[in-house]
Structure formats: C-alpha cells, structure tokens
Amino acid sequence: MSTEQQPVPDGWATCSRPIALVTGASRGIGLAVARDLARDHHVLVGGTNRETVEAVVAEMDTVESRQAWPFVADLTDRDALVGTLDALGLTRLDVLVHSAGIAEYGPIADSDPAMWQRTFDLNVFAVAELTRLVLPMLRRSKGQVVLINSGAGHNASPNSGVYAASKFALRALGDSLRAEEREQVRVCSIHPGRVDTDMQRELQASLGNDDYRGEKYVRPETIAAAVRLAVDAAPQAMVEEVIVRPVIAG
Ligand SMILES: NC(=O)c1ccc[n+]([C@@H]2O[C@H](COP(=O)([O-])OP(=O)(O)OC[C@H]3O[C@@H](n4cnc5c(N)ncnc54)[C@H](OP(=O)(O)O)[C@@H]3O)[C@@H](O)[C@H]2O)c1
C-alpha cells in the first residue's frame, strides 16, 4: 500500500456491514476494540505509525475481502486530520471509538503550559474536532460515539491533575453531545481503571515500580467487551456509561 492515505474500498458504502473508525487502534485498548469490532464491522484502524497500522489491517483482512483500512494521522494536527478524512472519501460511518490518548503525570506545581497543551490537544480537542467532522455521517446512520475515558474522568488524585482534568473535560464533552444528539447519535463513556497496556507500563515505570505484573490489571479485551455492549445495544437503548476497574486495588 502507498504511503498516502487511500480511499476506502468501493463496496464499503453499500455493504450491509457497518463501518467503525477506531482511533488509537495500533496498540492497547484501541487495538483490542478494533479486533473485536472487525468480527462484524469494516474497521478503520487509527494510529500515527503507518507500518504498525498496516500490520493491524493485514491481520484483519481475509483472502476474500478487505475488512479493515488504515487511518493514519496525528490527530493533534488538524490539517493532517482533515486531509486524511478527505482522502478516505467516507460517505458512511456507523461507529466512532475514541481511544487515542496520552497520560503525563506530575504535581500541578511542575505541570508547565506545554504539558497541559499536549494533553488537551489529544485527549479533548482532537476528540471534539474528529467528532464534529464526522457527525453528519453518524446522524445519517443513527450511529454511536464511544469515548474511552478513565477512572480519572471521575476522580482526580495527586500527580494526575493534568490527565484527570482532560478526562473530566472529555466526560463533559460526552454528556453534552449525548444530550444534544439524543435520538440521532448514541454516546457512551467508558471509564477503565488500570489496564495492561503500554500506557500502564510507562506509568508504573515512572512511579518506580520495576516489578510490572500485567495480570493484576484489566485486560484490553475486557474494555473491548464494554464497547461491544454499547455498540450491540438494541436501537431503543443507550449504554451511557460503563466503569470497569481491576479487582485488585493499587
Ligand atoms: N491503560 C490504562 O490503564 C488506561 C486506563 C484508563 C483509561 N485509559 C485510556 O484508554 C485510552 C487508550 O489507552 P492505552 O492504554 O491503550 O494507550 P497506549 O497503549 O499508550 O496507546 C495509545 C494509542 O494512541 C495513539 N496515539 C497517541 N498519540 C496520538 C496522536 N497524536 N494521534 C493519533 N493517535 C495517537 C497511539 O498510536 P501510535 O502508537 O500509532 O502513535 C496508540 O494507538 C486512552 O484514552 C487512555 O487515556 C487507559
């Protein structure tokens, strides 16, 4: 496949299989969500690294048909985002899952404007803008937006102020969108506790934990199952919020 964004396959718009766009689908929670949705959706696999994204796409495609397609863009670069969407030529979208996110930790006293900006650029502003750009398609399909939020979207603790503020803002974004689009687009916020992904590894390393044991944490596939609950809800029902936490504390 070329290094440029290619338009989605011709048959997708008219096929009965719904189309899902999953951001942050190259790794972690987004990857698990994309894999799960690919069972019965066409999936646009989001990420910034083309090689990684194309490897995920190749894993989902079957010999007979293309089930997945790359969506390569730095979501914090608005021109890149708009350019990628234009090049895709999407005319239909049924499910939008926002999983791309970053987490930087530290006391408010040490959180400089650049850290606030980086975090809000991806965790809030990019979510708002991508949603705005595809909302007409989601309305037409009576589709669904799923926001991968966090426990930090409900509770802020020491050293998580910037991240938690972005996730509180994301919850507000979701609550407003749900109220505004009621009867047109369903909106679900999913609030995971600690999940065994690169993000959690990096957090534990930054806390000085050199004995990382992923089995203590929620598996990404469990969060994918929560997304599936929202996506598969009967048309007259909306799963508004799901909280999934590890059994083991700490
Ligand atoms: N892990 C946890 O314990 C946990 C707990 C609660 C909530 N969450 C939330 O769950 C979501 C997913 O977290 P995760 O643990 O799966 O993270 P992760 O393993 O660090 O993966 C992050 C994903 O985001 C993408 N991404 C990063 N910067 C991007 C950018 N500028 N533009 C586009 N994509 C970008 C990455 O793509 P590339 O690699 O291609 O750059 C990658 O696919 C996040 O919103 C996070 O806040 C995670």
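In what follows, the structure referred to is the one given above.
Predicted model only: the values in this text are computed from it and were never measured. (Residues numbered from 1 in each chain as written. Predicted model: local features only at pLDDT ≥ 70, side-chain atom pairs only at ≥ 80, totals over all residues. Heavy atoms only, no water.)

Let's talk about the side chain of Q204
Reasoning step 1: When you line up the elements, Q204 lands in helix α6 (residues 198-206).
Reasoning step 2: A polar contact is formed between the side chain of Q204 and the side chain of Q200, at a distance of 2.8 Å.
Reasoning step 3: With sequence-adjacent residues up to four places away left out, Q204 is seen in contact with R194, N209, Y212 and Y217. (Helix = DSSP H or I, 4+ residues; strand = E, 2+ residues; numbered from the N terminus. Polar contact = N/O pair within 3.5 Å; in protein donor to acceptor, adjacent residues only side chain to side chain. Contact = heavy atoms within 4.5 Å.)

Remarks on the packing of helix α1 (residues 28-37) against helix α7 (residues 220-231)
Reasoning step 1: Following both chains from N to C, one finds α1 and α7 inclined at 50°, their axes separated by 8 Å at the closest point. As judged from the angle between their axes, α1 and α7 are oblique. Read as a crossing pair, α1 and α7 show a hand that is right-handed. Only P220, E221, I223, A224, V227, R228 and V231 of α7 make contact with α1, whose side of the interface consists of G28, I29, A32, V33, D36 and L37.
Reasoning step 2: Here the contact of α1 with α7 is composed, by residue class, of 9 nonpolar, 1 polar and 3 charged. (Axes fitted to C-alpha atoms, helices over the stretch in contact; angles between N-to-C directions. Parallel < 35°, antiparallel > 145°, perpendicular 65-115°, else oblique. Left-handed = near helix turned anticlockwise from the far one by under 90°. Nonpolar A, V, L, I, M, F, W, Y, C, P; charged D, E, K, R; others polar.)

Details of unusual backbone geometry
Reasoning step 1: Of note, N159 is a non-glycine position whose phi angle comes to about 75°, a positive value.
Reasoning step 2: In this structure, N159 sits in the loop between β5 (144-148) and α5 (161-180).
Reasoning step 3: The exposure class of N159 is partly exposed, given its relative accessible area of 41%.
Reasoning step 4: Even without being glycine, E183 reaches a positive phi, approximately 75°.
Reasoning step 5: Residue placement: E183 occurs in the loop between α5 and β6 (186-192). (Buried < 20%, exposed > 50% of the residue type's maximum accessible area, 1.4 Å probe, protein only.)

A few points about the site of the ligand
Reasoning step 1: The environment of the ligand is formed by 30 residues, the closest being S26, T48, Y163, V195 and T197.
Reasoning step 2: Against a free-state accessible area of 900 Å², the protein chains account for coverage of 91% of the ligand.
Reasoning step 3: At the level of elements, α1, α5 and α6 are the ones that each hand at least two residues to the shell around the ligand.
Reasoning step 4: The biggest single contributor to the shell around the ligand is α6, with 3 residues.
Reasoning step 5: Partitioned by chemical class, the residues of the shell around the ligand number 11 nonpolar, 14 polar and 5 charged. (Near = heavy atom within 4 Å. Areas by Shrake-Rupley, 256 points an atom, 1.4 Å probe, with all protein chains shown as cover.)

Interpretation note: all reported values are geometric properties and have no functional meaning in isolation.
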